[in-house]
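# Observations on chain architecture
Each chain, letter by letter, is given below.
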Amino acid sequence: MTSLLNNVLNAMEQVVLEVVDSNAGTFRLIEGDSDWVSELFPNANHQKIFAIDDNIPFLQDFLIDARLIWHDKKNGRVRSGFWTEVVANNKELHLEAIAIKQEIYTLLIISNQTEEFIFRQNTMQSARELLLHNDRLVEQNEYLHTRLLDILSKPSGQNDILVALTKAIENAGFAVLIADNNLSTIIANTAAVNLFEQDKLLSNEQTTPMDVIVQLLKNQLPEYERIISTKSSWDGELCWISPPSTLKWLKVALYPVLDELNEVKNWIVFANDISNIKYLVQRNEQLALQDMLTELPNRIAFWQTLEKQIKSNTPFYLLYVDINDFRRHNEFYGHDEGDKLLVEISGRIKSTIKESDFIARVGGDEFAIILNNVDNQEWCEKVVERIIGCTRKGFETRKSGSFHISLSIGAASFPHDAQSVEELMKFVDLSAYNGKQAKANSLQFYSQSMKDASRQLIETENELRLAIKNNEFELFLQPIVDLERHSIVKAESLIRWNHPTKGQIHPEVFIPIAEKSGLIIIIGKWVIDTACKMAEKLNAMGHQVKISLNLSPSQVFDENLFPHLHACVKQYKIDPALLELEITEGVLVDDYAITEKLLNKVRAIGMSVAIDDFGTGYSSLAYLKKLPLDFLKIDQSFVKDIVNDDNDKAIVRAVIAMAHNLNLGVIAEGVETEEQLNFLSNNACNSVQGYLFSEPVDFKSFIALLEKQKR
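What comes next concerns the included structure. (Residues numbered from 1 in each chain as written. Predicted model: local features only at pLDDT ≥ 70, side-chain atom pairs only at ≥ 80, totals over all residues. Heavy atoms only, no water.)

### Here's the deal with the pattern of salt bridges
Just so we agree on the cut-off: Note on definitions: salt bridges are taken to be side-chain nitrogens of Lys or Arg within 4 Å of carboxyl oxygens of Asp or Glu. What counts as a helix is a DSSP run of H or I of at least four residues, what counts as a strand is a run of E of at least two, and both are numbered from the N terminus.
Following the criterion strictly, the structure yields 18 salt bridges and no others. Taking the shortest distance from any N to any O, the salt bridge between Glu461 and Lys231 comes out at 3.0 Å. One end of the pair, Glu461, is in helix H19 (residues 448-469); the other, Lys231, is in the loop between helix H11 (224-229) and strand E10 (234-242), and 230 residues separate them in sequence. If you follow the salt bridges from partner to partner, you end up with Lys231, Glu263, Glu461, Arg465 and Lys469 in one network.

Laid out in structure tokens, this is it:
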């Protein structure tokens, strides 16, 4: 390196660091010795090794992505995007980092973009650039959102959490507020205070920034009640007339922080003043009413059109179209691909509706459509069929081939369902949300029964939460009999809810609600704890009986499942071979890699694994061959007519033969007659369970069954 290069880098406000140990986060300063470098890295001297520590959290987060580039065999680079650091004397540095892998060199280049930042702040860009920037405001705070969730989820003391939160949010370039479950402010950064600063002489009562935001949400967002009651996140624009008469436009994002009971513990709120952007585009009527990404009408234009449509008193249907799992798509493929998807899907939908219909982009991944002159449900269904049909062709990405999406569509009619803009929007939003739970293409028409069902869902969720707190659950066991030994060798654990007023409730009633609400995780932990206690007691009594545990998809994908399972095995000092996990075929298809990793871990400590309800899901011989499995359970739907139905006979014979060829044991469910038992026994089925032997029973009754077979 030459002094000339050093001078050039200083002139360009850049520093070059060589990676010494990417995992440890240590570097060597190669060139660049501007004053800001020593302010940012006080331990960095020329050619000396130093570490990037927790004082620069944004850069530490970026190093996670950088390591992927540095460890890759191919040349490549990745940018961090802009971030701000406050150094000595409250001096602000506006920085960007680039990680580079070039042949044998792994480098980190950091640029001081302060002059560029100031220039951008002091000069307005074109209206289109500003509007696109507006669309990306929420994207820029996603990393902070993740960091805050991590802090709030850790079981630290209250003072420790407040210190960590203050440090994380204070240097953010936008307003950040942390609130409790009642939306009362716990902490707000300086940017939030400055954004909502009011003339105290003109204000009779003191209002907080959170008070302002909540009031704006209530007044301007028909979805507000649904967002709060269903603990959903939201981002969008709000208009605020601040005292005495200043109009401000705010870009706001609202995120819930949930505890293990799926109750809101905190709310995270981001807000940014985008008034300059709004004032600029108001000079151009077309730009003011246009979404600059898709070039469709925006939410304001849609609202105006919907009001005119209602005033005309002509019947129509309103559709609310939501892309399922769009956030996950963004995280997996990147925001550029997400933007590309929005542009393409908007074009496809527009091509399926009439020119007289009206489509607008009203949210991040949400579209609203007014179907003019459609006054019956049958015609509306035909239009929706075309809309869903246009998504069946895959969407191409620049790197990873094609993928498919699904839509949740809510529908409401004017004047039958509602007579106002606010009610129509509230109803179609609720309809789309109900359909979204299935994560598949769906159309939901608004009805009073849907509203009642939604209310019932919330009530049941609240009752489930009380059931967890009041220990209203009980674990039953259904014996599994080995046909060769003619004895109970295993039992499937089945949860029951002893409701204080409704009596005993079976899992098929409440488990789907627990799955949707997220309560399945804590209920699943209770089942694991209880099953381990039972295994400990049975073992102490001399009964070597294995207990099988059913896992829901959410549990399989919960990173804390295995640590909890392993901890319970150690706590109760039981042999892991006395436990078995049961998963369904659908879980394998949802995410094979995650499932394989979990099953390898449980097999490594000695537990066995079974595939439950085989034949009812997405059967795949490849999965059965590759995954670490021990047993296959034939679903009771095939056993039910096994004596009289030749097709069921052939299926069961084939499944048993295939399983044995793969060295898997076979368990048949739902055995109720001697004829069914004889067929299964004659065809080499290993084990059976069903009412012929016993229905699911409580722990005391199960012990009685074990004692009885000893005699």
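On we go from here.
### Some remarks on the sheet that holds strand E8 (residues 175-180)
What counts here: Strand pairing is defined by DSSP finding a minimum of two bridges between the two strands. Inter-axis angles, ranging from 0 to 180 degrees, are taken between N-to-C directions of lines fitted to C-alpha atoms, where helices are fitted over the stretch in contact.
Sheet architecture is open: five strands sit in the order E9-E8-E12-E11-E10, paired in antiparallel fashion. Single-partner strands in this sheet number two, and they are strand E9 (185-188) and E10. Taken over all neighbouring pairs, the strand axes of this sheet differ in orientation by 25 degrees on average, direction set aside.

### Quick notes on the packing of aromatic side chains
Stated precisely, the cut-off is as follows: Working definition: rings of Phe, Tyr and Trp (its six-membered ring) pair if their centres are within 6.5 Å, and the pair is stacked with planes under 30 degrees apart, edge-to-face with planes over 60 apart, and tilted otherwise. The rule is simple: take the accessible area with a 1.4 Å probe, protein chains only, and divide by the maximum for that residue type; under 20% is buried, over 50% is exposed, in between is partly exposed.
A full pass over the atoms with the stated rule returns 14 aromatic pairs. The interplanar angle of 25 degrees and the centroid separation of 5.9 Å between the aromatic rings of Phe395 and Phe403 together place this pair among those described as stacked. Look at Phe403 and you get buried, because its relative accessible area is 8%. The rings of Phe473, Trp497, Phe510 and Trp526 are connected pair by pair, giving a single aromatic cluster.

### Brief notes about the side chain of Gln478
The condition is simple: Each polar contact in these results corresponds to two N or O atoms within 3.5 Å; when the atoms are within protein, one needs to be able to donate a hydrogen and the other to accept it, and residues that are neighboring in sequence are counted only if both atoms are side-chain atoms. Whether two residues touch is decided by their heavy atoms; if any such pair falls within 4.5 Å, the residues are in contact.
In this structure, Gln478 sits in strand E20 (residues 473-482). Since its relative accessible area comes to 8%, Gln478 is described here as buried. Here Gln689 takes part through its side chain, which lies 3.0 Å from a polar atom of the side chain of Gln478. Residue contacts for Gln478: discarding those within four places in its chain leaves Lys490, Ala491, Glu492, Leu494, Gln689, Gly690, Tyr691, Ser694, Glu695 and Pro696.

### Quick word on the nonpolar core
The following threshold applies: Buried Ala, Val, Leu, Ile, Met, Phe, Trp, Tyr and Cys residues form a nonpolar core when they are joined through side-chain atoms within 4.5 Å.
One finds Leu464, Val602, Ile634, Val688 and Phe702 to be the most contacted residues of the largest nonpolar core, which totals 77 residues. Of all the elements, helix H21 (residues 520-540) adds the most residues to this core, at ten residues. One finds Val321, Ile323, Phe403 and Phe445 within the second-largest nonpolar core, a separate group that totals 30 residues.

### Here we look at a nonpolar patch on the surface
Cut-off, in case you're wondering: What goes into a patch is any residue over 30% in relative accessible area without a salt bridge, connected to like charges within 9 Å or, for nonpolar side chains (Val, Leu, Ile, Met, Phe, Trp, Tyr), within 5 Å. Throughout, the Shrake-Rupley method with a 1.4 Å probe supplies accessible areas, and for residues the shown protein chains are the sole cover considered.
A cluster of nonpolar side chains, namely Leu4, Leu5, Val8 and Met12, defines an oily patch on the protein surface of about 360 Å² accessible area. When you line up the elements, Val8 lands in helix H1 (residues 3-11).

### With respect to the packing of H21 against helix H30 (residues 699-710)
Operational definition: Each crossing gets its hand from how the near helix is turned against the far one by less than a right angle, where anticlockwise is left-handed and clockwise is right-handed. Here the nonpolar group is Ala, Val, Leu, Ile, Met, Phe, Trp, Tyr, Cys and Pro; Asp, Glu, Lys and Arg are the charged ones; every other residue, Gly included, is treated as polar.
Where H21 meets H30, the closest approach of the two axes is 12 Å, and the angle between their N-to-C directions is 30 degrees. As H21 runs across H30, the sense of the crossing is right-handed. Facing H21, whose interface residues are Met534, Lys537 and Leu538, H30 presents Phe699, Phe702, Ile703 and Leu706. Across the contact of H21 with H30, the residue classes break down as six nonpolar, no polar and one charged.

### What to know about helix H28 (residues 646-661)
Selection rule: In a helix, the anticipated span is given by 1.5 Å times the number of residues less one. Here the arc refers to the directions that run from the helix axis out to each C-beta atom.
In a regular helix each residue adds 1.5 Å, so 16 residues correspond to 22 Å; H28 covers 23 Å between its end C-alpha atoms and thus fits that length. All of the buried residues in H28 are Asp648, Val652, Val655, Ile656, Met658 and Ala659. The buried residues of H28 occupy an angular sector of 165 degrees when projected down its axis, which confines them to one face. Residues Asp646, Asn647 and Asn661 are exposed on H28 and point more than 90 degrees away from its buried face. Looking at the residues trailing H28, positive phi occurs at Asn663, about 60 degrees.

### Overview of unusual backbone geometry
In this model, Phe414 is joined to Pro415 through a cis peptide bond whose omega is 5 degrees. Here Pro415 lies in the loop between strand E18 (407-414) and helix H18 (421-436). Here the phi dihedral of Asn262 falls at roughly 60 degrees; this positive angle occurs in a residue that is not glycine. Within the secondary structure, Asn262 is located in the loop between strand E11 (246-258) and strand E12 (264-273). Take Asn262: its relative accessible area is 9%, and that puts it in the buried class.

Interpretation in functional terms is not warranted from these geometric data alone.
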